[in-house]
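Topology and contacts: notes
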Amino acid sequence: SHQEDTTPSRRDFFQAAKSSLVAGTGAAAAASILLSNPNLAFAAGEGEESTAAGEPISAPTKKKVLVLGGTGFVGSEVCKKLNALGVDYIATSRDGRDGTVALDFTDSTLNVASKVEDIAKGCTAVISCIGAIGTSDDKAVNSGTGLASIGAKAVGVQKFVYVSVAPEVRDSAGGLAFLKNYMDGKAFSEDSIKSNFSNGYTIIAPTFIYGGDKFAVNPPRVADGYGSLVEGLLSSGPFRALAGVSPGIIGVALEPPVKVANVAGAAVAGALGLSQSVLDTYDEINEAAGLV
C-alpha cells in the first residue's frame, strides 16, 4: 500500500521561516525549523549532491559546519554566530591555536584537498574566510579555498560558502601588478567552488568589511565606530546614486562598507541553505544576514 510522505517540502520551510520572521520570533525559530528538518535543504532534484564516486549523499540528521580561518577577522564572527544558533562546527587556523585544527595554506608540502577531506568528515557545509593580501603567499593562500572545495566535495559536504571580493574591486584592480596574485587566487577558488558545488555554493563578495576595535593596513580594516559612521554616510540615497554612476575605483570608494557581523551572518545563512548563490552587493549581504 502507498504510504504518504509527510516530510515537509522546501516551500513549507521557507513559508514557515518567513512567518516566524514576520511574527517576530526571528532567526532562531527559522534555524530551529531547518535543524529539525534537514531534508528540507536537500529535497529530491533540488541541490542534491553526490560524492566524488558518484554515490548519492543521504541527508544528515544534524547540521555541522567546517569554518576555514575560524580565528580570523571574519571567521571568528562566523563561529560566534554558529554558537548563538546552536550549530555544531569545527574551526581551523594556520597554527592550530585555541582548540582549532591546524591548516596552513602556505605549507607547500601540504595536500590541501586531502587534509580538508579528512577534517570535513561529517560536515554538511564549509565556510571559508581565508585570505591574504600584500604577501608573498597571496596566490597560495587565496587559491587554497579552491583546493579545499575539492576535498569537501569528495567527503560529501553539501554546501560551500566563500568570502571573496566584489567584482567591481576586481575590475578596478585589474592593472595593479601587486594585486595580481591576490585576484588570481580568488578567481581560481571561485571557479573551483562553482565547479564542485554547482547546486550548493554561496559566494559573498563585499567591497570593504569593517568591525572590531582596531585599525589595520594589512589586511585593510577600520574599527567599528568609524566604519559605522562611514556606512551611514555612504548608504544614504545621494551617495548610493553617485556610486552607481561613478567610474572605476571612485565608484568602489563610494560603496558603503559592510559590518563584519553581517558578512558572518550571510555566510551562516549560506551554510544553512537560506541564501542565494552570489551575494555581491551591500544590500544582498545585509539581507542574507537578516535571515539568521
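Remember, it's a predicted structure, so these values are computed and weren't measured experimentally.

1. Quick notes on the sheet that holds strand β1 (residues 64–68)
Taken in spatial order, the seven strands make up an open sheet running β3-β2-β1-β4-β5-β6-β9, and their pairing is parallel. Each edge of the open sheet is held by one strand with a lone partner, namely β3 (101–102) and β9 (278–279). As defined by bridge partners, β1 adjoins strand β2 (residues 88–93) across four bridges and the pair is classed as parallel. Bridge pairing links V65 to Y89 in β2. Packed onto the sheet, helix α5 (residues 138–154) meets β1, β4 (125–128) and β5 (159–163) and runs at close to 175° relative to β5. Packing of helix α11 (residues 260–271) onto the sheet brings it into contact with β1, β4, β5, β6 (201–204) and β9, and relative to β5 it is tilted by some 160°.

2. Quick word on the pattern of salt bridges
Scanning the entire structure with this criterion turns up five salt bridges. D184 is the partner of K180 in a salt bridge, and the nearest nitrogen-oxygen pair spans 2.6 Å. On the criterion of helical spacing, the pair formed by K180 and D184 is a turn pair, its members being four residues apart in helix α7 (residues 180–196). The class for K180 is partly exposed, based on a relative accessible area of 49%.

3. With respect to the nonpolar core
In this structure, V65, V74, V78, I127, I204, V263 and V268 are the most contacted members of the largest nonpolar core, which totals 32 residues. Those elements that place two or more of their residues in this core are β1, α3 (73–85), β4, β5, α11 and α12 (282–289). Sort the elements by how many residues they give to this core and α11 lands first, with eight residues. In this structure V268 touches V78, K81, L82, L85, I127 and V292, once residues within four positions along its chain are discounted. Membership of the second largest hydrophobic core comes to 22 residues, among which are V112, I130, V141 and Y162.

4. As for the environment of A152
Positionally, A152 belongs in helix α5. Spatially, the C-alpha atoms of A152 and A113 are 7.5 Å apart, while their sequence positions differ by 39 residues. Once residues lying within four places of it in the same chain are set aside, the contact partners of A152 are V116, V126, V157, F160 and F197.

5. Description of α5
Taking 1.5 Å as the rise per residue, α5 with 17 residues should run 24 Å; its terminal C-alpha atoms sit 26 Å apart, in good agreement. Residue G144 marks the point of greatest curvature in α5, where the axis turns by about 35°. Counting buried positions over the 17 residues of α5 gives twelve, a clear majority of the element. Listing the buried residues of α5 in full gives D138, V141, N142, S143, G144, T145, G146, A148, S149, G151, A152 and K153.

Criteria and cut-off values
Residues numbered from 1 in each chain as written. Predicted model: local features only at pLDDT ≥ 70, side-chain atom pairs only at ≥ 80, totals over all residues. Heavy atoms only, no water. Pairing = 2+ DSSP bridges. Helix = DSSP H or I, 4+ residues; strand = E, 2+ residues; numbered from the N terminus. Contact = heavy atoms within 4.5 Å. Axes fitted to C-alpha atoms, helices over the stretch in contact; angles between N-to-C directions. Salt bridge = Lys/Arg side-chain N within 4 Å of Asp/Glu carboxyl O. Buried < 20%, exposed > 50% of the residue type's maximum accessible area, 1.4 Å probe, protein only. Core = buried A, V, L, I, M, F, W, Y, C linked by side-chain atoms within 4.5 Å. Expected span 1.5 Å × (residues − 1). Bend = angle between axes of the 7 residues up to and from the residue.

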